[in-house]
Amino acid sequence: MNVEEIYKEANALLEGHFILSSGNHSNRYLQSAKVLEEPKRAEKLASALADIIKKSDIEIDTVCAPALGGILAGYELARALGVRSIFVERKEGQMELRRGFEVKNGERVLICEDIITTGGSAMEASKIIEELGAKVVAFASLANRGFCRREGTDITPKEECKLPSNIPFFALADFTFEMFTPNECPMCKEGSVAIKPGSRSS
Ligand code: ZN
(Lines give C-alpha, C1' and ligand atoms only; values in the text may rest on other atoms or scores of the structure.)
Protein backbone atom coordinates (compact mmCIF):
# COMPACT_ATOMS: atom_id res chain seq x y z
CA MET A 1 0.00 0.00 0.00
CA ASN A 2 1.45 3.35 -1.05
CA VAL A 3 0.39 5.56 1.85
CA GLU A 4 1.94 8.73 0.44
CA GLU A 5 -0.02 8.22 -2.81
CA ILE A 6 -3.27 7.80 -0.82
CA TYR A 7 -2.60 11.08 1.05
CA LYS A 8 -1.88 12.83 -2.26
CA GLU A 9 -5.09 11.51 -3.85
CA ALA A 10 -7.05 12.86 -0.88
CA ASN A 11 -5.34 16.28 -1.11
CA ALA A 12 -4.05 15.60 2.38
CA LEU A 13 -0.42 15.96 1.31
CA LEU A 14 0.05 19.44 -0.07
CA GLU A 15 3.01 20.80 -2.02
CA GLY A 16 3.87 24.50 -2.01
CA HIS A 17 5.32 26.86 0.57
CA PHE A 18 3.93 26.45 4.08
CA ILE A 19 4.32 27.62 7.65
CA LEU A 20 4.29 24.58 9.95
CA SER A 21 2.88 24.75 13.49
CA SER A 22 6.49 24.95 14.75
CA GLY A 23 6.89 28.22 12.79
CA ASN A 24 9.34 26.60 10.38
CA HIS A 25 8.74 26.64 6.63
CA SER A 26 8.43 23.58 4.40
CA ASN A 27 7.53 22.73 0.81
CA ARG A 28 5.14 20.02 2.02
CA TYR A 29 2.24 20.02 4.45
CA LEU A 30 0.02 17.27 5.85
CA GLN A 31 -3.63 18.23 6.12
CA SER A 32 -4.44 15.05 8.05
CA ALA A 33 -8.19 15.48 8.37
CA LYS A 34 -8.56 15.39 4.58
CA VAL A 35 -7.45 11.77 4.33
CA LEU A 36 -10.34 10.75 6.62
CA GLU A 37 -12.94 12.78 4.73
CA GLU A 38 -13.87 9.72 2.69
CA PRO A 39 -15.01 6.95 5.08
CA LYS A 40 -13.96 4.16 2.71
CA ARG A 41 -10.45 5.58 2.59
CA ALA A 42 -10.36 5.97 6.38
CA GLU A 43 -11.46 2.38 6.78
CA LYS A 44 -8.77 1.13 4.40
CA LEU A 45 -5.98 3.03 6.21
CA ALA A 46 -7.17 2.02 9.69
CA SER A 47 -7.49 -1.58 8.65
CA ALA A 48 -3.88 -1.59 7.32
CA LEU A 49 -2.73 -0.08 10.63
CA ALA A 50 -4.72 -2.71 12.56
CA ASP A 51 -3.01 -5.48 10.56
CA ILE A 52 0.42 -4.19 11.64
CA ILE A 53 -0.70 -3.98 15.28
CA LYS A 54 -2.24 -7.47 15.25
CA LYS A 55 1.07 -8.95 14.06
CA SER A 56 2.75 -7.61 17.21
CA ASP A 57 0.58 -9.83 19.44
CA ILE A 58 -0.01 -6.95 21.85
CA GLU A 59 -3.39 -7.40 23.57
CA ILE A 60 -5.57 -4.31 23.34
CA ASP A 61 -8.91 -3.75 25.09
CA THR A 62 -9.56 -0.15 24.12
CA VAL A 63 -8.43 2.56 21.73
CA CYS A 64 -8.31 6.06 23.21
CA ALA A 65 -7.81 9.16 21.05
CA PRO A 66 -7.05 12.72 22.04
CA ALA A 67 -9.83 14.99 20.67
CA LEU A 68 -10.32 16.47 18.20
CA GLY A 69 -7.82 15.33 15.61
CA GLY A 70 -7.52 11.73 16.79
CA ILE A 71 -11.19 10.80 17.13
CA LEU A 72 -11.89 9.57 13.59
CA ALA A 73 -8.62 7.65 13.27
CA GLY A 74 -9.15 6.16 16.76
CA TYR A 75 -12.73 5.13 15.99
CA GLU A 76 -11.79 3.47 12.69
CA LEU A 77 -8.83 1.70 14.26
CA ALA A 78 -11.03 0.41 17.11
CA ARG A 79 -13.49 -0.91 14.53
CA ALA A 80 -10.69 -2.70 12.65
CA LEU A 81 -9.27 -4.17 15.88
CA GLY A 82 -12.72 -5.12 17.18
CA VAL A 83 -12.32 -3.20 20.46
CA ARG A 84 -14.08 -0.22 22.01
CA SER A 85 -13.25 3.39 21.26
CA ILE A 86 -13.08 6.31 23.69
CA PHE A 87 -11.57 9.78 23.61
CA VAL A 88 -10.14 12.33 25.99
CA GLU A 89 -10.65 16.04 25.43
CA ARG A 90 -9.35 19.33 26.69
CA LYS A 91 -11.31 21.29 29.25
CA GLU A 92 -9.79 24.61 30.23
CA GLY A 93 -6.46 23.46 28.86
CA GLN A 94 -6.38 20.14 30.74
CA MET A 95 -6.99 16.76 29.06
CA GLU A 96 -9.89 14.85 30.70
CA LEU A 97 -11.93 11.67 30.21
CA ARG A 98 -15.53 12.90 30.13
CA ARG A 99 -18.98 11.99 28.71
CA GLY A 100 -19.35 8.93 30.93
CA PHE A 101 -16.31 7.16 29.41
CA GLU A 102 -14.48 4.98 31.93
CA VAL A 103 -11.45 2.72 32.02
CA LYS A 104 -10.99 -0.25 34.34
CA ASN A 105 -7.98 -1.01 36.49
CA GLY A 106 -5.39 -2.74 34.32
CA GLU A 107 -7.34 -2.22 31.09
CA ARG A 108 -4.95 -2.31 28.11
CA VAL A 109 -5.25 0.89 26.14
CA LEU A 110 -3.75 1.96 22.82
CA ILE A 111 -3.50 5.72 22.29
CA CYS A 112 -4.33 6.64 18.68
CA GLU A 113 -3.84 9.86 16.71
CA ASP A 114 -4.32 10.73 13.05
CA ILE A 115 -0.77 12.05 12.99
CA ILE A 116 2.07 11.95 15.51
CA THR A 117 4.47 14.86 15.33
CA THR A 118 6.27 15.05 18.68
CA GLY A 119 3.59 12.99 20.43
CA GLY A 120 2.67 15.74 22.90
CA SER A 121 -1.12 15.23 22.84
CA ALA A 122 -0.73 11.45 22.80
CA MET A 123 1.39 11.68 25.97
CA GLU A 124 -1.18 13.90 27.68
CA ALA A 125 -3.86 11.33 26.87
CA SER A 126 -1.60 8.53 28.09
CA LYS A 127 -1.02 10.29 31.41
CA ILE A 128 -4.76 10.66 32.08
CA ILE A 129 -5.47 7.03 31.17
CA GLU A 130 -2.73 5.77 33.49
CA GLU A 131 -3.81 8.04 36.33
CA LEU A 132 -7.22 6.33 36.05
CA GLY A 133 -5.57 2.93 36.58
CA ALA A 134 -5.46 1.58 33.01
CA LYS A 135 -2.26 0.58 31.22
CA VAL A 136 -1.06 2.20 28.00
CA VAL A 137 0.38 -0.68 25.93
CA ALA A 138 0.96 1.05 22.59
CA PHE A 139 0.73 4.25 20.57
CA ALA A 140 -0.47 4.43 16.98
CA SER A 141 -1.07 6.97 14.24
CA LEU A 142 -1.80 6.82 10.54
CA ALA A 143 1.05 9.19 9.72
CA ASN A 144 4.34 9.68 11.54
CA ARG A 145 6.06 13.02 10.97
CA GLY A 146 9.43 11.39 11.58
CA PHE A 147 10.26 12.86 14.99
CA CYS A 148 9.50 9.55 16.73
CA ARG A 149 10.56 6.05 15.73
CA ARG A 150 7.74 3.76 14.63
CA GLU A 151 7.98 -0.04 14.89
CA GLY A 152 9.74 -1.68 11.94
CA THR A 153 12.05 1.23 11.17
CA ASP A 154 15.47 2.09 12.49
CA ILE A 155 15.44 5.89 12.40
CA THR A 156 16.77 7.55 15.56
CA PRO A 157 14.01 9.49 17.33
CA LYS A 158 14.61 13.23 17.43
CA GLU A 159 15.09 15.06 20.70
CA GLU A 160 11.59 16.59 20.31
CA CYS A 161 9.90 13.16 20.45
CA LYS A 162 7.87 12.86 23.66
CA LEU A 163 6.81 9.20 23.28
CA PRO A 164 8.51 6.76 25.69
CA SER A 165 11.04 4.41 24.08
CA ASN A 166 9.75 1.35 26.01
CA ILE A 167 6.20 1.39 24.55
CA PRO A 168 5.75 0.45 20.87
CA PHE A 169 4.55 3.08 18.40
CA PHE A 170 2.84 1.89 15.21
CA ALA A 171 2.24 4.00 12.10
CA LEU A 172 1.66 3.40 8.41
CA ALA A 173 4.38 5.66 7.03
CA ASP A 174 6.93 8.36 7.84
CA PHE A 175 6.37 11.82 6.38
CA THR A 176 9.71 13.48 6.98
CA PHE A 177 9.73 16.96 5.46
CA GLU A 178 12.61 19.29 4.81
CA MET A 179 12.18 22.22 7.20
CA PHE A 180 13.72 25.68 7.23
CA THR A 181 13.71 28.54 9.70
CA PRO A 182 12.01 31.55 8.03
CA ASN A 183 15.42 33.28 7.77
CA GLU A 184 17.00 30.37 5.94
CA CYS A 185 14.02 29.33 3.79
CA PRO A 186 15.08 29.07 0.11
CA MET A 187 11.48 29.67 -1.06
CA CYS A 188 11.27 32.92 0.94
CA LYS A 189 14.62 33.94 -0.59
CA GLU A 190 13.04 33.52 -4.02
CA GLY A 191 10.31 35.95 -2.98
CA SER A 192 7.50 33.44 -2.44
CA VAL A 193 5.12 34.01 0.51
CA ALA A 194 4.46 31.11 2.87
CA ILE A 195 0.88 30.21 3.82
CA LYS A 196 -0.60 28.45 6.84
CA PRO A 197 -3.03 25.88 5.42
CA GLY A 198 -4.47 25.00 8.82
CA SER A 199 -5.92 28.48 9.26
CA ARG A 200 -7.22 28.99 5.73
CA SER A 201 -10.96 29.37 5.59
CA SER A 202 -11.32 28.36 1.95
ZN1 ZN B 1 9.62 30.27 3.47
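Small disclaimer: the values here were computed from a predicted structure and weren't measured.

Caption draft 1: View of the sheet that holds strand β9 (residues 179-180). With respect to topology, three strands assemble into an open sheet ordered β1-β2-β9, the strand pairing being antiparallel. Where the open sheet ends on each side, the last strands, each with one partner, are β1 (13-19) and β9. Here five bridges tie β1 to strand β2 (residues 25-30), and the two strands are oriented antiparallel to one another. Paired with Ile 19 across the bridge in β2 is His 25.

Caption draft 2: Structural view of the sheet that holds strand β6 (residues 108-116). One open sheet holds the six strands; their spatial order is β5-β4-β3-β6-β7-β8, and the pairing between them is mixed. Looking at the sheet topology across the chains shown, the edges are occupied by β5 (94-96) and β8 (169-174). Within this sheet the neighbouring strands show an average axis-to-axis angle of 25°, counted without direction. Note that β6 and strand β7 (residues 135-144) share eight bridges and pair parallel. Paired with Ile 115 across the bridge in β7 is Ala 143. Running at roughly 170° to strand β3 (residues 62-66), helix α3 (residues 71-81) makes contact with β3, β4 (84-91), β6 and β7 of the sheet. Packing of helix α4 (residues 120-131) onto the sheet brings it into contact with β3, β4, β5, β6 and β7, and relative to β6 it is tilted by some 165°.

Caption draft 3: Quick look at the side chain of Ser 126. On the secondary structure map, Ser 126 appears in helix α4. Exposure remark for Ser 126: the relative accessible area of 6% places this residue in the buried category. For Ser 126, the contacting residues outside a window of four places in its chain are Ile 111, Val 136 and Phe 139.

Caption draft 4: View of unusual backbone geometry. A cis geometry characterises the amide bond from Ala 67 onward to Leu 68, with omega recorded as -5°. Tracing the chain through its elements places Leu 68 in the loop between β3 and α3. Even without being glycine, Asp 57 reaches a positive phi, approximately 65°. Its place among the elements puts Asp 57 in the loop between α2 (39-55) and β3. The class for Asp 57 is exposed, based on a relative accessible area of 65%. One non-glycine residue, Arg 99, lies in positive phi territory at about 60°. Its place among the elements puts Arg 99 in the loop between β5 and β6. For Arg 99, a relative accessible area of 60% puts it in the exposed group.

Caption draft 5: Molecular detail of α3. All of the buried residues along α3 are Ala 73, Gly 74, Glu 76, Leu 77, Ala 78 and Leu 81. Looking at the buried residues of α3, the elements they touch are α2, β3, β4, β6 and β7. Positive backbone phi, approximately 75°, marks Gly 82, located one or two places after α3.

Caption draft 6: Representation of the coordination of the zinc ion. The zinc ion binds to the protein through His 17 (NE2), His 25 (ND1), Cys 185 (SG) and Cys 188 (SG); the donor distances cover 2.0 to 2.4 Å. One can describe the site at the zinc ion as tetrahedral: its four donor atoms subtend angles covering 95 to 120° at the metal. Here the donor residues of the zinc ion are spaced in sequence according to H-x7-H-x159-C-x2-C. What makes Cys 188 partly exposed here is its relative accessible area of 26%.

Caption draft 7: Just the state of the cysteines, in detail. The full count for this structure, using the stated rule, is one disulfide. The side chain of Cys 148 participates in a disulfide bridge whose partner is Cys 161; the two sulfur atoms lie 2.1 Å from each other. Across the S-S bond of Cys 148 and Cys 161 the torsion is about 110°, and the bridge reads as right-handed. Here Cys 148, found in the loop between β7 and β8, pairs with Cys 161, found in the loop between β7 and β8; they are 13 residues apart in sequence, far enough to count as distant. The burial state of Cys 148 is the same as that of Cys 161; both residues are buried. The cysteine Cys 64 is free of any disulfide, with Cys 112 supplying the nearest cysteine sulfur at 9.7 Å.

Conventions we followed
- Residues numbered from 1 in each chain as written.
- Predicted model: local features only at pLDDT ≥ 70, side-chain atom pairs only at ≥ 80, totals over all residues.
- Heavy atoms only, no water.
- Pairing = 2+ DSSP bridges.
- Helix = DSSP H or I, 4+ residues; strand = E, 2+ residues; numbered from the N terminus.
- Axes fitted to C-alpha atoms, helices over the stretch in contact; angles between N-to-C directions.
- Contact = heavy atoms within 4.5 Å.
- Buried < 20%, exposed > 50% of the residue type's maximum accessible area, 1.4 Å probe, protein only.
- Donors = N, O, S within 2.8 Å, 3.2 Å for Na, K, Ca; no water.
- Tetrahedral: all angles 85-135°; square planar, octahedral: opposite > 155°, others 65-115°.
- Disulfide = S-S within 2.5 Å.

Purely geometric numbers; function is a separate question.
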